[in-house]
Protein chains: 2
Amino acid sequence: MGSIGIVSPQAMHFAEPLRLASGARIADYTLMYETYGTLNADKSNAVLICHALNASHHVAGTYADNPKSAGWWDNMVGPGKPVDTDRFFVIGVNNLGSCFGSTGPMHVNPDTGKPYGAAFPLVTVEDWVAAQARLADQLGIEQFAAVMGGSLGGMQALAWSIMFPQRLRHCVVIASTPKLSAQNIAFNDVARQAILTDPDYHGGDFYEHGVVPKNGLKVARMVGHITYLSNDDMAEKFGRKLRNAAENNDYKFGFEIDFEIESYLRYQGDKFSEYFDANTYLLITKALDYFDPAREHGGDLTRALEGTRAQFLVASFTTDWRFEPARSREIVQALISNRRKVTYAEIDAPHGHDAFLLEDPRYMNVVRAYYERVWEECQRGTAKEAA
Amino acid sequence: MGSIGIVSPQAMHFAEPLRLASGARIADYTLMYETYGTLNADKSNAVLICHALNASHHVAGTYADNPKSAGWWDNMVGPGKPVDTDRFFVIGVNNLGSCFGSTGPMHVNPDTGKPYGAAFPLVTVEDWVAAQARLADQLGIEQFAAVMGGSLGGMQALAWSIMFPQRLRHCVVIASTPKLSAQNIAFNDVARQAILTDPDYHGGDFYEHGVVPKNGLKVARMVGHITYLSNDDMAEKFGRKLRNAAENNDYKFGFEIDFEIESYLRYQGDKFSEYFDANTYLLITKALDYFDPAREHGGDLTRALEGTRAQFLVASFTTDWRFEPARSREIVQALISNRRKVTYAEIDAPHGHDAFLLEDPRYMNVVRAYYERVWEECQRGTAKEAA
């Protein structure tokens, strides 16, 4: 089990306009992507990895200029890893509206000659999938062995199974949900309000002012981060430990840092505000809020999933209170009602929502075992038939 | 069962300086308070009500000039109500550092002639209790029939039982905790960061600038409010309902309000930012974070409660995820280890942390039954002996 080693991102340009769910359209756009492994002769071994809120096309491997730049799912994707790049041709793609290279709010709006800013149209999970499908077209991939993602990435995988039922044999949905709850939306709106009311946001045109709404982004990230961690894990890691407890085990009686958890969260917030784009953050929270495939079926998820043809792996984590296991079970139930083949794993892991990114033998083994099956199918050449 | 009717706040001034836990001192101060019912001849029927984050001395009744000004626990305190003002002499007191009349950051610092602002010293739960004890002295109340509070108010009741074991016969601790968890502190710090980084905060001296850090306060309140409600209750009340669903059942594809839950939370945030003081909010979140009576006993709550003499009613709510029932059970366990008399009620109520303020027959009946016993004791004149 080794690392992929040095990888390089690629860019693909699409000259054809893309019509969005909002009614807006993007005249032309670029998607950044990376690939790992080799596409086989019948192009049956491709796996698409969809990213969540703050990730990108850089799923695995490292960049030549930075040995610390391991991809966000480097523990999952690589030679001998659960998604084995000695077997599969894995594609990571950066979504529209992101701040990591694909066309987004930081880029120049051809209509105005200035950065899009808040004028970048809101995109939905379905818009992302439509854009990803064009990338697949260009790469000559008619049908994926699997489309896979965690959290918001899982929503994209699910949308693939609905929008392009013939184009994936397996759909892997991890730590996800068929729709956000009121509480999920509420946390997203807190984050948005923090950004929108930061004076440095300038209605989204902060690029022109040479500033970044760092304070808003920081608060947004802090509140988001709390929802990624489990209560118990936070208690275990931080509890009520004081910062610099060794030198002075007393409260500071001011608004500086008293507790380790404050130090940790503020650090996470600061770091995030230095690399993430505020308009992208806003846009992605809206894509999360809007995702609800059952909506056009009167709230009936079973009907929404009626047209799917893939086989499914659905996985959730016991301590995930952002998208708790019950949300995954809703997906499983609806799939079973449609007589789809579903494997469901509810993994007893302590790390809350973040567990989908972390090393956990039970989790990794579930995914590994599932991909063994996907690979056996590839080898049996049952690829095209399965759909 | 009626209402108390018209009530009036009173002010009591204390010329004696108060030494605080931080080492700072307040030269002199005023506490606002209200009383309901009549103090009996042997002064054995007094009940002190301690308030939580955003409440005040105005516990029950209404003000003459505003019929909508019912006190925050008007359902709990009044003639024939669980805390029956036909029997008990009930005192509501506004804490130091509050923005509802007791000396706080908005008031003039005698040392500078300007409002305290952020220079108002941080106060702890124990400081509040010490100040409340002086009020009791002035009112000639040697021993309370009960000291009672919910959430942060419950912490004060608990601190009373530790600091002044002889001065209360009963201690009523509702929806509270012996200390905040890392997650609790984390949410508080998000709120603080939102306020502290609002440019209108001006390092706490916003009064002089004629502004209020409304955006920061709004975000702080929004995130706080989410933690007061249960996930299920929010799902039931709001779910994914769209605002103005009737006229246009579609997403807005912008950052205005799409969902009812956004509308509700923003409204709550806006309203709060119009009446609550930012420095008070900061200060109270720190009092919450710092409360931890077991701390000076190496984390051993049993030892911290060793000196208590009161009888206890502890109550929690099943859907409260801010201070979940397990936190109340820690208190109960520590009291039982000390052979204290404890009544514990874990009430199956849907409303999360806010349940302690809401009408719920099971909850109200538990408190009513408990106060029946307190009253019987008063009548038997066992008052002084009990301690």
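Residues numbered from 1 in each chain as written. Chains lettered and ligands numbered in written order. Predicted model: local features only at pLDDT ≥ 70, side-chain atom pairs only at ≥ 80, totals over all residues. Heavy atoms only, no water.

- An unreviewed UniProt entry lists chain A under the name Homoserine O-succinyltransferase, with Massilia horti as the source organism.
- What UniProt records for chain A under Subunit (unreviewed entry) is the sentence "Homodimer." (UniProt positions renumbered as here; feature names shortened; annotations may be inferred.)

1. Side note on the overall build of chain A
1) Next: When its secondary structure is counted, chain A shows 11 helices and 12 strands.
2) Next: Against the globule reference of 21 Å for 387 residues, chain A gives a C-alpha radius of gyration of 21 Å, in line with a compact fold.
3) Next: In terms of overall dimensions, chain A has C-alpha extents of about 70 × 50 × 50 Å along its principal axes.
4) Next: Once local pairs closer than 6 in sequence are excluded, the contacts in chain A between residues at least 24 apart make up 72%.
5) Next: By element, 48% of the accessible surface of chain A is carried by carbon and sulfur atoms, the whole surface being about 14,200 Å².
6) Next: The averaged location of the 47 negative side-chain charges in chain A is 4 Å from the averaged location of its 37 positive side-chain charges. (Helix = DSSP H or I, 4+ residues; strand = E, 2+ residues; numbered from the N terminus. Rg over C-alpha atoms; globule rule 2.2 N^0.38 Å. Contact = heavy atoms within 4.5 Å. Areas by Shrake-Rupley, 256 points an atom, 1.4 Å probe, with all protein chains shown as cover. Lys, Arg positive; Asp, Glu negative; His and termini not counted. Charge placed at Lys NZ, Arg CZ, Asp CG, Glu CD.)

2. Let's talk about helix α6 (residues 260–275) of chain B
1) Next: Here α6(B) spans 23 Å end to end across 16 residues, near enough to the 22 Å set by a 1.5 Å rise per residue.
2) Next: Residues of α6(B) that are buried include every one of Ile261(B), Glu262(B), Ser263(B), Leu265(B), Arg266(B), Gln268(B), Gly269(B), Phe272(B) and Ser273(B), and no others.
3) Next: Buried residues belonging to α6(B) abut α3 (182–196) and α7 (278–290) of chain A together with α4 (214–228), α5 (231–237) and α7 (278–290) of chain B. (Expected span 1.5 Å × (residues − 1). Buried < 20%, exposed > 50% of the residue type's maximum accessible area, 1.4 Å probe, protein only.)

3. Details of the interface of chain B and chain A
In many analyses, interface size is given as the accessible surface area lost on bringing the parts together.
1) Next: Contact residues are listed per partner, giving 58 residues for chain B and 58 residues for chain A.
2) Next: Contact between chain B and chain A buries roughly 4,900 Å² in total, counting both sides, with carbon and sulfur atoms accounting for 65%.
3) Next: Of all residues in chain B, Arg240(B), Phe253(B) and Phe255(B) give up the largest surface area on contact with chain A, accounting jointly for 17% of the area buried on that side.
4) Next: With a shortest N-O distance of 3.7 Å, Lys286(B) and Glu262(A) are connected by a salt bridge.
5) Next: Across the contact surface, chain B and chain A share 18 residue pairs in polar contact (both at pLDDT 80 or more).
6) Next: Elements that contribute at least two residues to the side of chain B that touches chain A include exactly α3 (182–196), α4, α5, α6 and α7 of chain B.
7) Next: At 11 residues, α3(B) tops the list of elements feeding residues into the side of chain B that touches chain A. (Buried area = accessible area lost by both parts, 1.4 Å probe. Salt bridge = Lys/Arg side-chain N within 4 Å of Asp/Glu carboxyl O. Polar contact = N/O pair within 3.5 Å; in protein donor to acceptor, adjacent residues only side chain to side chain.)

4. Observations regarding the confidence of the model for chain A
1) Next: Here chain A shows a mean pLDDT of 95. Residues at 70 or above account for 97%.
2) Next: Here the predicted complex scores 0.96 on pTM and 0.95 on ipTM. (pLDDT = per-residue confidence, 0-100.)

5. Some details on the UniProt feature "binding site: substrate" (unreviewed entry) in chain A
Residue and element names in this part refer to chain A.
1) Next: Mapped onto the present numbering, the UniProt feature "binding site: substrate" (unreviewed entry) falls at Arg221 and Asp354. Spatial clustering of the annotated residues is evident: they stretch over 134 residues in sequence, but the largest pairwise C-alpha distance comes to 13.9 Å.
2) Next: You can see arginine 221 is positioned in helix α4 (residues 214–228).
3) Next: For arginine 221, the residues in contact, after removing those within four places along its chain, are Asn54, Tyr228, Gln268, Gly269, Phe272 and Tyr281.
4) Next: Examined against the element boundaries, aspartate 354 turns out to sit in the loop between β12 (342–347) and α10 (361–380).
5) Next: The exposure class of aspartate 354 is buried, given its relative accessible area of 18%.
6) Next: Not counting residues within four places of it along the chain, the set of residues in contact with aspartate 354 comprises Tyr228 and Leu229.

6. Quick word on unusual backbone geometry
1) Next: You will see that Ala175(B), though not glycine, has its phi angle at about 50°, which is positive.
2) Next: Looking at the secondary structure, you find Ala175(B) in the loop between β10 (168–174) and α3.

7. A few points about the relation of the copies chain B and chain A
1) Next: The operation relating chain B to chain A is a screw motion whose rotation component is 180°, with 0.0 Å of axial translation and a residual RMSD of 0.0 Å. Accordingly, the operation relating the two chain copies is best matched by a two-fold axis.
2) Next: Interface overlap between copies: 100% of the residues of chain B at the interface are likewise at the interface in chain A, consistent with a symmetric, same-surface contact. (Least-squares fit on C-alpha atoms with pLDDT ≥ 70 in both.)

8. Describing the sheet that holds strand β11 (residues 311–317) of chain A
Residue and element names in this part refer to chain A.
1) Next: Reading across the sheet, the eight strands line up as β1-β4-β8-β5-β9-β10-β11-β12 and stay open at both edges, with mixed pairing between neighbours. The sheet is open, and its two edges are formed by β1 (10–14) and β12, each paired on a single side. Neighbour to neighbour, the strand axes of the sheet diverge by 20° on average, direction disregarded.
2) Next: Sheet topology note: the β1/strand β4 (residues 29–36) ladder contains five bridges and is antiparallel. Paired with methionine 12 across the two strands is leucine 31, which belongs to β4.
3) Next: Set on the sheet, helix α1 (residues 125–138) makes contact with β1, β4, β5 (46–50), β8 (89–93) and β9 (144–150); between it and β4 the angle comes to about 60°. (Pairing = 2+ DSSP bridges. Axes fitted to C-alpha atoms, helices over the stretch in contact; angles between N-to-C directions.)

9. Topic: the state of the cysteines
All names here are of chain B.
1) Next: Counting across every chain of the model gives zero disulfides over all chains.
2) Next: We note that cysteine 99 lacks a disulfide partner, and the nearest cysteine sulfur, in cysteine 50, lies 17 Å from it.
3) Next: Free cysteine cysteine 171: the closest other cysteine sulfur is in cysteine 50, separated by 8.7 Å.
4) Next: For cysteine 171, a relative accessible area of 0% puts it in the buried group. (Disulfide = S-S within 2.5 Å.)

10. Regarding the UniProt feature "active site" (unreviewed entry) in chain A
Residue and element names in this part refer to chain A.
1) Next: Mapped onto this numbering, the UniProt entry annotates "active site" (unreviewed entry) at Ser151, Asp320 and His353. A maximum C-alpha distance of 10.7 Å among these annotated residues, which run over 203 residues, shows that they cluster at one spot.
2) Next: The residue serine 151 is located in the loop between β9 and α2 (152–163) in this model.
3) Next: Looking at serine 151, the relative accessible area reads 6%, which means it is buried.
4) Next: Topologically, aspartate 320 is positioned in the loop between β11 and α9 (325–337).
5) Next: Not counting the four nearest positions on each side in its chain, aspartate 320 is found in contact with Ala175, Pro325, Gly352 and His353.

11. Regarding α1(A)
Residue and element names in this part refer to chain A.
1) Next: Compared with an ideal rise of 1.5 Å per residue, which puts 14 residues at 20 Å, α1 spans 20 Å between its outermost C-alpha atoms and is within 8% of the ideal.
2) Next: When you tally the buried positions in α1, you get 10 out of 14 residues, the bulk of the element.
3) Next: Among the residues of α1, those classed as buried are Val125, Asp127, Trp128, Val129, Ala131, Gln132, Ala133, Arg134, Leu135 and Ala136.
4) Next: Backbone geometry just downstream of α1 places glycine 140 in the positive-phi region, at approximately 75°.

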